[in-house]
Amino acid sequence: MYIYEKKGRYIIDFQDIPAKRAEMPEIEVEERQGNMKEVETGFPEDVAVAEAKRCLACRRCLGCALCWAECKPEAINFDMPDEDFELEVDEVILTSGMQRKIAPIRGNYGNKHMNVVTDLQVERMLADTGPSDGLIFRPQDGEIPKKIGFAQTFGGVDDKVRDAALFYAVNEAIMAQKKIEGVEISFVSPDMDAFKASAGSDLDKVSGVNFVNGTVAEATEVGENKDIELKYEVGGSEKTETFDLLVLLTRPQLPPMIEGSAKKLGIEVNYVSFLGTPGEIVETDKAGVMLAQNM
Amino acid sequence: MAEKNVLIIGGGAAGVKAALDRVNAGNKVFLVEDFPSIGGERIPQDRLITDGASFTAPDLGAVKENNGIQVIDSAEVRSLAGENGNFKAKVHRRTPRIDREKCNDCGECIKVCPIHMYDDYNESLEWRTAVDYFNSGSGNYNVFKEDMPVCQRTCPINLDIRTYVGYIADGKYAESLATIRKKLPFPLSIGRVCPHPCEFECNRGYKDEPISICFLKRYVADYEVYNEVEPPISLPEETYPEKIAIIGGGPSGLTCAYHLALLGYHNNITVFEALPACGGMFLVGIPEYRLPKAILAKDVEFIEKHGVEIKTGVRIGKDISYDDIRKDYDAVLLAVGAHLGMSMRVKNEDAEGVVEGVKYLRDAALGNEIPNKGSCIVVGGGNVAMDVARTSLRVGFDEVNLLYRRTRKEMPASPWEVDAAEHEGVKFHFLVAPQEVVVKGGKAVGMQCLKMELGEPDESGRRRPVPIEGSEFVMDADTIFAAIGQVTDASLVEEKHGFKIGRKFNFEVNPETFETNVEGVFASGDGATGAGIAIAACAGGKTAAESIHKYLRGKK
Ligand SMILES: Cc1cc2nc3c(=O)[nH]c(=O)nc-3n(C[C@H](O)[C@H](O)[C@H](O)COP(=O)(O)OP(=O)(O)OC[C@H]3O[C@@H](n4cnc5c(N)ncnc54)[C@H](O)[C@@H]3O)c2cc1C
Ligand code: SF4
Ligand code: SF4
Ligand code: SF4
């Protein structure tokens, strides 16, 4: 089933179109000594044309109107314009919104390995309306993971933001335990000791999760199943652990629309401003502008 | 209490709850969300759900049923101002292209749509079609048409990559080049040196490897040169009389001049360049082995032929005063780049034999005398450091040692530049921090360094280097190059002119229009944004041209 496949899997292979990108020809190193000769010499014509043919000419809706022809109530209207609203209001309430940043780890630039996901992807997997009806799965083969690693790769953020990220991910680990019987979970964070102090006794109630205060170094793909081998350091010594699925923690931050709105109103907010009593609406320095605290 | 109007920005779980709170208290609510759906952020971030509790479930049903809440999804807040009791907001909503009153949620449209793209709402775990719905059951359908593919969106000047690459596939090289030149007058140069952010986003990369977008641009540009085709020049018939001065003939200033010509100001544009030739860092930064001067000259000539007057060897602030320029021209662009090397902040930095990397490259490019004997040390891990190191190997140094505080992986330089430098014989020393220039007889003879190890990660996941105590050592060198960043020389204007100057001595501008705080004066490129990449400097120049046009036409 395609829901278990990751992006790009649908691209068809054509025999006459190369999979590898063209390599730029260069002059030899010996030829470069004592002169300023141009190193790269440019593609020959056949290479350039073959390379250009690899382009997928990406677009989204291509305007084929198949949907339009199919729609019985004639609801589809390609000419429907954008709308502009001018609102006059007495009060403005800002929320934190949802924007999260991933810090890539070595051996895993930009989330390239199939079985490395982010905590946001796990949130989608856990959602009943999500892509897998609430099941956590390995994107590579759709199998249910038996061993999951959670790794925090960023550091140096405000304590409250760090705790928010960790609460978020530990909650996912708790949910994963409920959904997958006997799942083994390791949780590596350079801030684990500090977080333990913030979470207090509630964290002790989480059994079966191996919480590690360690620094993540590298994630590599191993074996035919493309399991993920995670290297991390604990107390000066290096450890290696292999997981069916590795979840990277993301760093929460304010989306541009929220930041921009605050700026337009002349107030300063950051992510911490939204981390108070859940659901409460609090005042700011500017009368009439409120902040809705995260739930 | 009288009914209030409340604007809530952000339709996550907290926004939904706030909306219900306010509407239940008898108010009217506008809920603005930039996604096509509401109710996200369901996992608690302040407590653990150990007691069998579940995630937060925002009451979307209640929102839907309540007439007092108007949900404005797929929308952004464009302006917002005012005081308690009276705020005014402008909100722009992207069209769903589906009439939600008529749609009966049958889903037939999704079945027939031939486009399969990954679903960013589901974090790419699933595919969607170009027509899709969010929040099942809400009938919230939409047709998603992007203005531009991701490569084009990522390109700072938004080159129409899909089209120019497509033309190459069809063998239509002239059409391809013309497509590029609609926006960029530097295809030969940019096609050689751009770090191509577009390629990192290219969708083909998810399948196998990204398209070689940058070098394909070089291919069509070279094709014209090698086949001795005269580049076509077409200028608009309608012209305007205002005179514009552009200070600085680098990528940003020249791109601005080109677009002003295309807008109808040809023969009224003068570029003042302090150096003997135009090109800016293309000429005196990027070394010849990456971008030959003769090739650069072709791009500059193409721009000049658009009715752009170029005066080289004229430094504003010295040969002509800024005040004179202001008097003689209707609008001014400051595109002066960032040509001053930053300090390493180590002891004895001003000793003889310690040279700023950018000054060294400039002297090498202009054929001035440069140090070239014995061994040298290059301090820095960016592309400028690679250029300094690779140039040093070529001009005669026997040994080139490069020092960087962190590891190879943290280096900001492009990986292919690092590989090339290593391949050519540059010796890399990672996790080494310079401490003090060792001086003998008033001349630098080496650098005292400290070994580092990696500590805790920072926000971006890069691990901070921390010194290892007692690990000092000295590395010998005849010349030491500092290549750790550049700042702007803003001395062409004086304090009395009232420009806002930023942290990198740059001219502060409105990031959307590139206007400075002084009326009629614009600034773009490295001198406005801080040292960056060339295509971004070009993009800034193009936007500045459009702003100058707006400003001059608005005045009439
Ligand atoms: C060594 C080096 C290597 C680089 N490599 C790359 C690369 O590979 N790829 C890439 O994309 N980018 C690269 N860059 C960055 C890129 O070159 C710059 O971002 C780009 O050149 C900035 O363009 P600009 O027009 O803003 O400024 P500049 O190119 O710096 O041009 C400014 C011009 O203004 C002139 N000027 C300054 N003051 C005055 C005055 N008072 N009167 C008259 N004229 C004046 C200067 O002489 C200069 O010619 C590199 C930069 C350096 C330093
Ligand atoms: S779901 Fe699609 S096909 Fe069905 S009514 Fe709505 S727009 Fe038309
Ligand atoms: S079926 Fe509809 S949404 Fe899909 S590509 Fe065709 S016109 Fe666009
Ligand atoms: S395949 Fe790459 S270059 Fe071609 S249109 Fe798609 S993103 Fe752009």
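Residues numbered from 1 in each chain as written. Chains lettered and ligands numbered in written order. Predicted model: local features only at pLDDT ≥ 70, side-chain atom pairs only at ≥ 80, totals over all residues. Heavy atoms only, no water.

A. Local environment of the site of ligand 2. Surrounding ligand 2, one finds Cys71, Pro73 and Ile76 of chain A together with Ile98, Cys103, Asn104, Asp105, Cys106, Gly107, Cys109 and Tyr141 of chain B. At the site occupied by ligand 2, nearby residues are drawn from chains A and B. Looking at side-chain class alone, the shell around ligand 2 contains eight nonpolar, two polar and one charged residues. (Near = heavy atom within 4 Å. Nonpolar A, V, L, I, M, F, W, Y, C, P; charged D, E, K, R; others polar.)

B. Main features of unusual backbone geometry. Notably, Ala65 of chain A is not glycine yet its phi reads approximately 70°, a positive angle. As for its placement among the helices and strands, Ala65 of chain A is situated in the loop between helix 1 (45-53) and helix 2 (66-70). By relative accessible area, Ala65 of chain A is classed as partly exposed at 23%. Phi at Phe505 of chain B is positive, roughly 60°, even though this residue is not glycine. Within the secondary structure, Phe505 of chain B sits in the loop between strand 24 (486-487) and strand 25 (521-523). (Helix = DSSP H or I, 4+ residues; strand = E, 2+ residues; numbered from the N terminus. Buried < 20%, exposed > 50% of the residue type's maximum accessible area, 1.4 Å probe, protein only.)

C. Structural context of the packing of aromatic side chains. One pass over the full model with this rule turns up 18 aromatic pairs over all chains. Seen from their ring centres, Tyr219 of chain B and Tyr223 of chain B are 6.1 Å apart, and the 50° between their planes marks the pair as tilted. With Tyr219 of chain B and Tyr223 of chain B both in helix 9 (residues 213-226) and four residues apart, this pair spans about one turn of that helix. Classification of Tyr219 of chain B by relative accessible area gives buried; the value is 8%. When its relative accessible area of 30% is taken as the criterion, Tyr223 of chain B is described as partly exposed. Taken together, the ring pairs in this structure connect Phe150, Phe187 and Phe211 of chain A into an aromatic cluster. (Phe/Tyr/Trp six-rings, centres within 6.5 Å; stacked < 30°, edge-to-face > 60°.)

D. Molecular detail of the confidence of the model for chain B. Taken as a whole, chain B shows an average pLDDT of 92; of its residues, 99% reach a score of 70 or greater. Two summary scores accompany this predicted model of the complex, namely pTM at 0.77 and ipTM at 0.84. (pLDDT = per-residue confidence, 0-100.)

E. Quick look at the environment of Asn86 of chain B. For Asn86 of chain B, the position within the fold is in strand 5 (residues 86-93). As a C-alpha pair, Asn86 of chain B and Asn5 of chain B span 81 residues in sequence and 9.4 Å in three-dimensional space. When sequence neighbours within four positions are dropped, the list of residues in contact with Asn86 of chain B reads Glu88, Val89 and Asp90 of chain A together with Ala81 of chain B. (Contact = heavy atoms within 4.5 Å.)

F. Inspection of the site of ligand 1 at higher detail. Residue and element names in this part refer to chain B. Neighbouring ligand 1 are 36 residues; Val193, Glu273, Arg290, His339 and Asp526 lie closest to it. One of the backbone nitrogen or oxygen atoms of Ala335 is found 3.4 Å away from an oxygen atom of ligand 1. Contact with the protein chains removes 96% of the 1,000 Å² of surface that ligand 1 exposes when unbound. When residues of the shell around ligand 1 are traced back to their parent elements, those giving at least two are helix 10 (251-265), strand 11 (269-273), helix 14 (357-366), helix 15 (383-395) and helix 18 (534-555). In the shell around ligand 1, the residues fall into 20 nonpolar, eleven polar and five charged. (Polar contact = N/O pair within 3.5 Å; in protein donor to acceptor, adjacent residues only side chain to side chain. Areas by Shrake-Rupley, 256 points an atom, 1.4 Å probe, with all protein chains shown as cover.)

G. Broad picture of the pattern of salt bridges. Residue and element names in this part refer to chain B. A complete count under the given rule lists 52 salt bridges over all chains for this structure. With a closest N to O distance of 3.1 Å, Arg100 and Asp73 form a salt bridge. Taken as a pair, Arg100 in the loop between strand 5 and helix 3 (108-112) and Asp73 in the loop between strand 3 (69-72) and strand 4 (75-83) lie far apart in primary sequence, 27 residues in all. Accessibility expressed as a relative area gives 5% for Asp73, which makes it buried. (Salt bridge = Lys/Arg side-chain N within 4 Å of Asp/Glu carboxyl O.)

H. Main features of the sheet that holds strand 11 (residues 245-248) of chain A. Residues and elements named next belong to chain A. Here five strands make up an open sheet; going across it, the order is 4-11-5-6-7 and the pairing parallel. Edge positions in the sheet fall to strand 4 (116-118) and strand 7 (209-213), since each of these pairs with one other strand and no more. Each strand of the sheet is rotated relative to its neighbour by a mean of 20°, with strand direction disregarded. Set on the sheet, helix 3 (residues 119-126) makes contact with strand 4 and strand 11; between it and strand 4 the angle comes to about 80°. Set on the sheet, helix 4 (residues 159-179) makes contact with strand 5 (147-151), strand 6 (184-189) and strand 7; between it and strand 6 the angle comes to about 170°. (Pairing = 2+ DSSP bridges. Axes fitted to C-alpha atoms, helices over the stretch in contact; angles between N-to-C directions.)

I. Representation of the side chain of Gln152 of chain B. Secondary-structure assignment places Gln152 of chain B in helix 4 (residues 150-154). Every residue in contact with Gln152 of chain B, bar those within four places of it in the chain, is listed here: Asn158, Leu159, Asp160, Ile161 and Lys183 of chain B.

J. Layout of the interface of chain B and chain A. Listed per partner, the contact involves 127 residues of chain B and 135 residues of chain A. Of all residues in chain B, Gln45, Phe87 and Leu125 of chain B bury the most surface against chain A, accounting for 7% of the area lost on that side. When the shortest N-O distance is used, the salt bridge between Asp208 of chain B and Arg54 of chain A registers 3.0 Å. Of the residues assigned to the side of chain B that touches chain A, the class counts are 54 nonpolar, 28 polar and 45 charged. (Buried area = accessible area lost by both parts, 1.4 Å probe.)

K. Seen up close, the sheet that holds strand 9 (residues 227-234) of chain A. All names here are of chain A. The sheet built from three strands is open, its strands ordered 8-9-10 with antiparallel pairing. Each edge of the sheet is formed by a strand with only one pairing partner; in this case those strands are strand 8 (215-222) and strand 10 (237-243). Looking at each pair of strands side by side, their axes are set apart by 20° on average, direction ignored. Across seven bridges, strand 8 lies against strand 9 in antiparallel orientation.

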